[in-house]
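Secondary and tertiary structure notes
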Amino acid sequence: MKRTSTLLLAALAAAIAMPAAAQSKGDWTLGVGVHNVDPRSDNGSLDATALGLGPLPPTEVGNSVRPTITAEYFIADNLGIEVLAALPFQHDIEVRGVGKVGSTKHLPPVVSLQYHFANASKATPFVGLGVNYTTFFSEDTTGALSGTDLKLGDSWGLAAHVGVDFAISERSAIRVDARWADIDSDVEVNGVKVGTANIDPRVYGVAWVVKF
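Structure report, in brief. (Residues numbered from 1 in each chain as written. Predicted model: local features only at pLDDT ≥ 70, side-chain atom pairs only at ≥ 80, totals over all residues. Heavy atoms only, no water.)

**A word on the overall build of the chain**
Here is the rule we go by: Only DSSP runs of H or I with at least four residues qualify as helices, and only runs of E with at least two residues qualify as strands; both kinds are numbered from the N terminus onward. By the convention used here, residues are in contact when the closest approach between their heavy atoms is within 4.5 Å.
Across its full length, the chain carries one helix and 15 strands. Sequence separation of 24 or more characterises 66% of the internal contacts of the chain that already satisfy a separation of 6 or more.

**Looking at the nonpolar core**
Convention followed: To form a nonpolar core, buried Ala, Val, Leu, Ile, Met, Phe, Trp, Tyr and Cys residues must be joined to one another through side-chain atoms within 4.5 Å. Using a 1.4 Å probe on the protein chains alone, a residue whose accessible area is under 20% of its type maximum counts as buried, one over 50% counts as exposed, and one in between counts as partly exposed.
Counting residues in hydrophobic clusters, the biggest one holds 18 residues, and the most contacted among them are Leu-150, Leu-152 and Val-187. Of all the secondary structure elements, the ones that give two or more residues to this core are β6 (89-95), β10 (150-152), β13 (184-189) and β14 (192-198). Val-187 has contacts with Leu-46, Leu-150, Lys-151, Leu-152, Val-192, Lys-193, Val-194, Gly-195, Thr-196 and Ala-197, leaving out every residue within four places of it along the chain.

**Comments concerning the side chain of Asp-200**
Cut-off, in case you're wondering: Within 3.5 Å is the distance limit for a polar contact, defined as a pair of N or O atoms, with the added protein rule that one can donate a hydrogen and the other accept it, and that residues adjacent in sequence qualify only through two side-chain atoms.
Mapped onto the elements of the fold, Asp-200 is located in the loop between β14 and β15 (202-211). For Asp-200, the side chain forms a polar contact with the side chain of Arg-40, separated by 3.4 Å. From its side chain, Asp-200 meets the backbone nitrogen of Ile-183 in a polar contact 3.0 Å long. With sequence-adjacent residues up to four places away left out, Asp-200 is seen in contact with Arg-40, Trp-180, Ala-181, Asp-182, Ile-183 and Asp-184.

**Topic: the pattern of salt bridges**
In plain terms, the rule: One side-chain nitrogen of Lys or Arg within 4 Å of one carboxyl oxygen of Asp or Glu is enough to make a salt bridge.
Throughout the structure, instances matching the rule amount to seven salt bridges. One salt bridge connects Glu-82 with Arg-179, and the closest N-O pair in it is separated by 2.9 Å. With Glu-82 in strand β5 (residues 79-86) and Arg-179 in strand β12 (residues 172-181), the pair connects residues that are 97 residues apart, well separated along the chain. Assessed through its relative accessible area of 0%, Glu-82 is described here as buried. Under the relative-accessibility criterion, Arg-179 is labelled buried at 8%. Two residues, Lys-193 and Asp-186, come together in a salt bridge whose shortest N-O distance is 3.4 Å. By sharing partners, the salt bridges in this structure join Glu-82, Asp-165, Arg-175 and Arg-179 into a single network.

**What about the pairing of β6?**
Which entries qualify depends on this criterion: We call two strands paired when DSSP finds no fewer than two bridges between them.
Burial of the side chains of β6 is restricted to one face: Phe-89, His-91, Ile-93 and Val-95 are buried, whereas none of Gln-90, Asp-92 and Glu-94 on the reverse face is. Note that β6 and strand β7 (residues 99-107) share seven bridges and pair antiparallel. Its bridge partner lying in β7, Phe-89 is registered against His-106.

**Regarding the sheet that holds β10**
Put simply, the rule reads: Think of each axis as a best-fit line through the C-alpha atoms, taken over the contacting stretch in the case of a helix, with angles from 0 to 180 degrees between the N-to-C directions.
Read across the sheet, three strands follow the order β10-β13-β14 without closing on themselves; strand pairing throughout is antiparallel. For this open sheet the edge positions go to β10 and β14, each flanked by a neighbour on one side alone. Within this sheet the neighbouring strands show an average axis-to-axis angle of 25°, counted without direction. Bridge analysis of β13 against β14 gives six bridges, and the strand direction is antiparallel. The residue of β14 that forms the bridge with Val-187 is Gly-195.

Structure, rendered in structure tokens:
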């Protein structure tokens, strides 16, 4: 174990010492990774009075980890347009003090304009701002809402992106990044709107990025 740790530290030190390759106009990058969608801790309250349940305590939407893929095209040196896609994320929906009341899946494609701060080091930081579209599907209910028809409306919102690419060769890098997305979904139960879920997640993870 000690030998393995020493080798890993040596490899990391060597990688950091290598200069990163700049992204030029016309370049493409493809990234494959894994990310965790971590919704804000308080996702709003639902008013189920029309269903005979009355106002409910605050809802909480659980985390979800899934593989992700990105593609970025550089429209100018160090300036690119990136598209994020992923396998469907699945989240449990809980009501505080009541327990799990349902679950849902969603797809969160994001389009961002990103600037990469090319420099003489191995590490290339970047920032991005874009638009997120989230579509929800496969909603299910249990517990207090068991047997009801749950529907979460689709959402449009702003998205922000920050990260660092650590070059491991001229054309590949390990990316560590974080995102934030504005996701607000209207919640309907049996066709009746019972509130809005303010999900607004942080999304963070790692990826392997290759330049073409």
